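# Structural overview for review
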Amino acid sequence: MNERRFWILLFVLLLTSQRIEQISGQPGVGHRFLTSYAQESSDDNTTTTTIRPSCQHGTNEEDTNDQNTSTRRKQQEPTSQLKTTPAAAAAATEHSSSSSSDANVPNSEFFGIFKKLGTSWHTILQMFRSIVNNAGGKTMHKDVYVRDLKEGKEWLLQQEEYNWEELLQPHMTLYHDLERTFEDVLDSFLKWAASDEAKDGSCKLEGGVNGKESKINVSKALRRLEQYATWMSEMENDLEELTATSIKDTFSTLQMKMSIDDCQRLVWWLDLGAIDWELFDELQPKDIARVFVWISHYMLLNPNAQDQGLVLINSLNQIGFWPFMTMLPVDLGMQLDEFVISVIPIKTKFVVLMQRPPWAKFAYQMLKPFMKSNMRRRVVVIEEGL
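The structure displayed is predicted, hence computed values, not measured ones. (Residues numbered from 1 in each chain as written. Predicted model: local features only at pLDDT ≥ 70, side-chain atom pairs only at ≥ 80, totals over all residues. Heavy atoms only, no water.)

### So, the sheet that holds strand E7 (residues 310-315)
Reading across from one edge, E5-E6-E7-E8-E9 is the order of the five strands in this open sheet, with mixed pairing throughout. Of all the strands in the sheet, the pair left with one neighbour each is strand E5 (257-260) and strand E9 (379-382). Put simply, the sheet's adjacent strands are angled 20 degrees from each other on average, direction ignored. Alignment of E7 against strand E8 (residues 348-354), held across six bridges, turns out to be parallel. (Pairing = 2+ DSSP bridges. Helix = DSSP H or I, 4+ residues; strand = E, 2+ residues; numbered from the N terminus. Axes fitted to C-alpha atoms, helices over the stretch in contact; angles between N-to-C directions.)

Have a look at this one:
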């Protein structure tokens with residue numbers, strides 16, 4: 001049986017399992033098999049490599065008590081008749097838990113938590129597939145190509161149905177804060193549409209850097225730009241007067257860092273172990289969303305990210321499933337994932353995932369079949385680090 005048929009069979013088993021759960025309240029055979037497979041796969045792939053980069057910020061200390069439990073998150077947790085094991089309950093009340101206390105999360109409780117959040121694994125899976133399938137954009141048979149940025153910008157501005165200066169006017173404060181104009185924004189989409197895989201071997205690091213096509217697919221740039229304008233319009237009320245000064249305190253709490261690597265790629269560091277959780281619990285979802293939108297614009301207007309690509313380093317710090325899922329409302333979290341992965345015109349060259357808790361290993365094994373092969377190749381997992 002080839003790999004594709006194998007994953008199709010697993011997916012059918014999962015859907016059947018979910019139906020069995022709905023009827024009987026007990027995990028189905030497909031669910032049990034997937035759970036067993038994911039646990040074995042994560043065990044087989046575990047490494048003991050420790051990475052301590054020179055630009056390390058913060059520490060990742062294991063915390064098995066309740067002192068960092070979010071009061072706000074407790075209030076958000078809905079009442080449910082779902083029976084939970086002690087291990088799952090512990091995972092739902094700790095920001096950071098040991099592997100042993102979280103070891104039983106990849107079972108029916110994994111799916112049960114989605115019910116508590118008012119959604120389902122199937123819904124999340126569909127949204128994830130839509131997001132990742134559009135990450136690189138699409139090339140159509142009748143797409144229009146031009147020779148350079150100047151021609152590309154002229155072509156975009158000549159599209160009568162779009163007045164880009166007017167459409168992007170509500171976000172001028174953000175652009176000016178980053179010392180850019182709306183035309184710089186157009187350029188970033190054109191550069192993205194001209195990027196491909198570099199073949200000259202100029203970068204020896206994992207993931208490589210962006211290459212450049214001889215022509216620019218302006219139709220592809222336009223489709224991405226339409227998505228961007230629509231997304232920003234829908235979030236407009238939450239993004240008023242978005243500047244570095246306005247997000248300073250929230251940004252400081254999240255402890256996100258940026259650096260440039262030896263291949264001149266922009267590196268985005270996300271370390272849950274560095275977050276001050278007491279301060280985090282005082283933040284509003286809107287404040288967190290504003291930080292991610294500002295950071296996303298910093299990246300899409302950054303020459304290193306545009307020309308060479310982006311590297312993401314993400315340490316989950318063994319966080320429990322419930323606190324992770326309630327860092328933001330589910331819908332808002334998926335909106336931000338969509339924006340970062342499949343709306344902004346930046347190509348991610350390499351992703352490093354560190355200190356994954358058992359539920360994250362399970363979830364990754366479930367999502368992996370729906371990721372394109374080039375995306376899977378760019379993800380490296382290190383179980384200890386930062």
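### Digging into unusual backbone geometry
Located in the positive-phi region is Glu-179, a residue other than glycine, with phi close to 60 degrees. In this fold, Glu-179 is placed in the loop between helix H9 (172-177) and helix H10 (182-193). On the basis of relative accessibility, which here comes to 68%, the residue Glu-179 falls in the exposed class. The backbone of Gln-264 shows a phi angle near 65 degrees, a positive value even though the residue is not glycine. A residue is classified by how much of its surface remains accessible, and Gln-264, at 42% relative accessible area, is partly exposed. (Buried < 20%, exposed > 50% of the residue type's maximum accessible area, 1.4 Å probe, protein only.)

### Comments concerning the packing of aromatic side chains
Across all of its chains, the model carries eleven aromatic pairs by this definition. Aromatic ring contacts, followed pair by pair, group Phe-114, Trp-121, Phe-321, Phe-324 and Trp-359 into a single cluster. It is Lys-220 that lies over the ring of Trp-192; its NZ or CZ is 5.1 Å from the centre. (Phe/Tyr/Trp six-rings, centres within 6.5 Å; stacked < 30°, edge-to-face > 60°. Lys NZ or Arg CZ within 6 Å of the ring centre and 35° of its normal.)

### Structural notes on the pairing of E5
On a regular strand, one side chain projects to one face of the sheet and the next to the other, so that they alternate. Pairing of E5 with strand E6 (residues 266-271), which is carried by four bridges, proceeds in the antiparallel orientation. By the bridge assignment for E6, Ile-260 is matched with Leu-266. Connecting E5 to the antiparallel partner E6 that follows it, the hairpin turn spans five residues, and Gln-264 within it adopts a positive phi of roughly 65 degrees.

### Focus: the state of the cysteines
Tallied over the entire structure, the rule returns one disulfide. One disulfide bridge connects Cys-203 with Cys-263, the sulfur atoms lying 2.0 Å from each other. Looking down the S-S bond of the Cys-203 and Cys-263 bridge, the torsion is 95 degrees, so its handedness is right-handed. Remark: Cys-263 occurs in the loop between E5 and E6 and Cys-203 occurs in the loop between strand E2 (195-197) and strand E3 (210-212); sequence separation between them is 60 residues. On the accessibility criterion, Cys-203 (11% relative accessible area) is buried. (Disulfide = S-S within 2.5 Å.)

### Here we look at the packing of helix H14 (residues 285-300) against helix H17 (residues 330-342)
Interaxial distance between H14 and H17 falls to 11 Å at its minimum, and their mutual angle equals 5 degrees. Regarding the angle of H14 to H17, the classification is roughly parallel. Residue-level contacts link Pro-285, Ala-289, Phe-292, Val-293, Ser-296 and His-297 of H14 to Leu-332, Leu-336, Phe-339 and Val-340 of H17. Among the residues forming the contact of H14 with H17, the class breakdown is eight nonpolar, two polar and no charged. (Parallel < 35°, antiparallel > 145°, perpendicular 65-115°, else oblique. Contact = heavy atoms within 4.5 Å. Nonpolar A, V, L, I, M, F, W, Y, C, P; charged D, E, K, R; others polar.)

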